[in-house]
Amino acid sequence: MALLSIENVRKEYQVRGKRVLALDSVDLTIAEGEFVSVVGPSGCGKSTLLNLIVGLMRSSMGRIVFRGAPIDGITTKIGYVTQKDNLLPWRTLIENVEIALEIRAIEKSVRRAQARDLIDQVGLSGFEDHYPHELSGGMRQRANIIRTLIYDPELILMDEPFGPLDAQTRIVLQDQLLKLWAASKKTIVFITHDLIEAITLADRVVLMSARPGRIKSIEQIAIPRPRDVFKIHEDAQFRSSYERLWQQLRPEVTLSESAKGELI
Amino acid sequence: MISRPRLYLYRLIFGLLLLGFWELSSGRLIDPFWVSSPSLVFVYLYGVFADGSIYGHLAITLYETFTGFFIGAIFGIGVGFALGRRETLAQILDPYVVAFNGIPRIALAPLFIIWFGIGPTSKVILVVSVVFFLTFFNTYAGVKGVDEELKNILRIMGATERQILMKITLPAIVPWITTGLKISLPYAIVAAVVGEFIAASKGLGYLINYNTSLFSTTGALGGILVLAMVVVICNEVINRAESYLLRWRPREERKSEGELY
Ligand SMILES: Nc1ncnc2c1ncn2[C@@H]1O[C@H](COP(=O)(O)OP(=O)(O)O)[C@@H](O)[C@H]1O
Ligand SMILES: [Mg+2]
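Okay, so let's go over this structure. Just so it is clear, the model here is predicted, and its values are computed rather than measured.

1. Examining the interface of chain A and chain B
In this assembly, 25 residues from chain A lie in contact with 20 residues from chain B. Of all residues in chain A, W90, I103 and H133 of chain A bury the most surface against chain B, accounting for 35% of the area lost on that side. On inspection of chain A and its partner chain B, the count reaches 6 residue pairs in polar contact (both at pLDDT 80 or more). Contributing elements (two or more residues each) for the side of chain A that touches chain B: β6 (78–81) and α3 (99–103) of chain A. Here the side of chain A that touches chain B takes 4 residues from α3 of chain A, the largest share from any one element. Classifying every residue of the side of chain A that touches chain B gives 14 nonpolar, 6 polar and 5 charged.

Shown next, in the form of structure tokens:
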């Protein structure tokens with residue numbers, strides 16, 4: 001059975017009296033344990049889609065069903081890793097990572113141990129007591145991801161989590177993310193505007209059209225796992241998937257939009 | 001960046017140069033009757049501290065300043081916090097707050113003296129009227145500015161509204177509150193002294209005013225110097241408390257009004 005199904009979803013915003021159609025007729029089913037990437041030009045409604053799934057907003061039409069029940073407001077079963085790292089600046093790294101357990105009133109020694117374990121897995125040991133402003137962008141984004149993993153939501157949404165990072169850091173984090181995912185077997189919906197990243201990580205790549213966002217095509221990525229993120233682009237399957245997806249994506253990305261997307 | 005000991009050394013040198021210039025020009029360029037001189041002021045201060053006659057004045061001024069400061073801060077923070085979370089009420093009250101804050105306190109001081117007498121109470125209330133608004137505006141702005149995205153992240157993790165208050169809103173407004181307190185402290189001292197100028201029988205403001213009326217520039221400048229010292233010491237205490245409370249902020253962001261470096 002599908003973990004999540006998005007059924008004919010449409011989302012309109014009211015901007016100064018005018019209606020802006022952000023998403024239209026989006027249909028997508030996601031299976032348990034699947035890693036799905038969503039790619040699309042900037043402004044096509046990717047973040048909107050995640051906000052709808054997590055229950056921060058309501059769709060104008062259609063519905064989203066999670067484990068058989070329509071989404072109606074926030075649920076702790078769905079975790080959200082936002083584009084901005086959004087760590088609490090007054091908390092140290094470890095205090096940020098453990099906050100979800102603190103909310104659940106889990107004993108300090110237990111939650112510390114769990115936080116340490118995750119911090120260790122992403123190579124941040126030694127930085128536990130640093131404040132966010134004392135960490136690099138890549139370190140903050142790792143913290144952002146593991147503070148969601150720590151409370152074990154069944155579905156994790158990630159909104160361009162590696163967007164602002166440099167190319168090398170991105171690859172290292174992609175590698176770590178795949179390892180964390182393999183260990184936890186979570187379901188992940190991963191948004192990116194980078195086609196290479198989408199293919200590297202996902203079981204399926206969902207391609208969206210420019211605004212109003214619609215699903216343009218879906219590509220199955222059968223590259224065997226575990227994947228070597230440092231070499232995957234040499235893979236023949238990778239190349240053919242990339243070619244096919246790029247043919248589809250190119251007309252959606254006007255010059256100005258691609259420039260904007262790269263800068264942000 | 002300059003090292004600490006060096007910084008203090010240069011500050012000391014600057015102060016000594018200033019005093020030296022004052023000392024040398026007094027009597028040579030200007031009649032000491034008008035400007036006194038550091039040595040005269042020093043002798044005067046030594047005298048009033050040695051015979052203890054200044055302590056009563058100092059104590060009264062400090063009492064007025066700090067009582068007013070604490071009362072004003074508690075109300076300012078409390079009301080700022082409450083209005084920050086009640087949009088409609090804040091909108092209703094907005095013009096009144098602006099109007100009350102627009103009244104020059106010096107215009108209120110004589111009224112407060114009529115209402116509350118020439119004792120310390122009228123000065124305490126004057127101080128409250130100054131500190132209240134400064135802490136109020138800062139706290140209000142802080143509550144308004146709390147990042148909604150951070151709150152949503154905690155909601156998604158399953159936090160209750162109470163946990164969001166404790167873990168996001170309160171820590172997020174601490175910098176605003178400390179800024180409010182920091183800005184208002186010197187104003188609190190000024191308000192107390194202004195009140196004493198208008199009508200009082202004790203306090204540093206009274207002492208300065210009294211000396212001036214006797215044409216004792218030495219006494220007046222001595223009082224002013226003590227006042228200046230009080231401001232510098234209080235500021236240092238607040239700066240230290242602030243940098244402890246805000247140790248999580250990058251250095252550049254910690255600097256707020258009233259801090260040059
Ligand atoms: N809260 C909002 N109010 C009004 N319009 C919005 C809001 N959020 C997004 N939009 C608009 O909806 C469209 C899709 O935005 P978004 O989902 O952020 O796109 P993406 O994440 O793909 O870049 C954009 O045109 C954007 O301007
Ligand atoms: Mg987005």
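2. Here's the deal with the side chain of Q176 of chain A
All names here are of chain A. Looking at where Q176 falls in the secondary structure, it is placed in helix α6 (residues 167–184). There is a polar contact of 3.3 Å between the side chain of Q176 and the backbone oxygen of V122. Excluding residues within four positions of it along the chain, Q176 makes contact with Q121, V122, G123 and R142.

3. Observations concerning the packing of aromatic side chains
Taken as a whole and judged by the stated rule, the model has 20 aromatic pairs over all chains. Relative to Y140 of chain B, the ring of F136 of chain B has its centre 5.9 Å away and its plane inclined at 20°; by these criteria the two rings are stacked. Placement of the pair is F136 of chain B and Y140 of chain B together in helix α7 (residues 120–144), with a separation of 4 residues, close to one helical turn. The buried category is assigned to F136 of chain B, whose relative accessible area is 4%. Accessibility expressed as a relative area gives 23% for Y140 of chain B, which makes it partly exposed. Among the aromatic residues, those joined into a ring-pair cluster are F132, F133, F136, F137 and Y140 of chain B. Over the ring of W181 of chain A we find K185 of chain A; its NZ or CZ atom is 4.3 Å from the centre of that ring. Positioned above the aromatic ring of Y244 of chain B is the side chain of R247 of chain B, whose terminal nitrogen or guanidinium carbon lies 4.5 Å from the ring centre.

Rules of the game
Residues numbered from 1 in each chain as written. Chains lettered and ligands numbered in written order. Predicted model: local features only at pLDDT ≥ 70, side-chain atom pairs only at ≥ 80, totals over all residues. Heavy atoms only, no water. Contact = heavy atoms within 4.5 Å. Buried area = accessible area lost by both parts, 1.4 Å probe. Polar contact = N/O pair within 3.5 Å; in protein donor to acceptor, adjacent residues only side chain to side chain. Helix = DSSP H or I, 4+ residues; strand = E, 2+ residues; numbered from the N terminus. Nonpolar A, V, L, I, M, F, W, Y, C, P; charged D, E, K, R; others polar. Phe/Tyr/Trp six-rings, centres within 6.5 Å; stacked < 30°, edge-to-face > 60°. Buried < 20%, exposed > 50% of the residue type's maximum accessible area, 1.4 Å probe, protein only. Lys NZ or Arg CZ within 6 Å of the ring centre and 35° of its normal.

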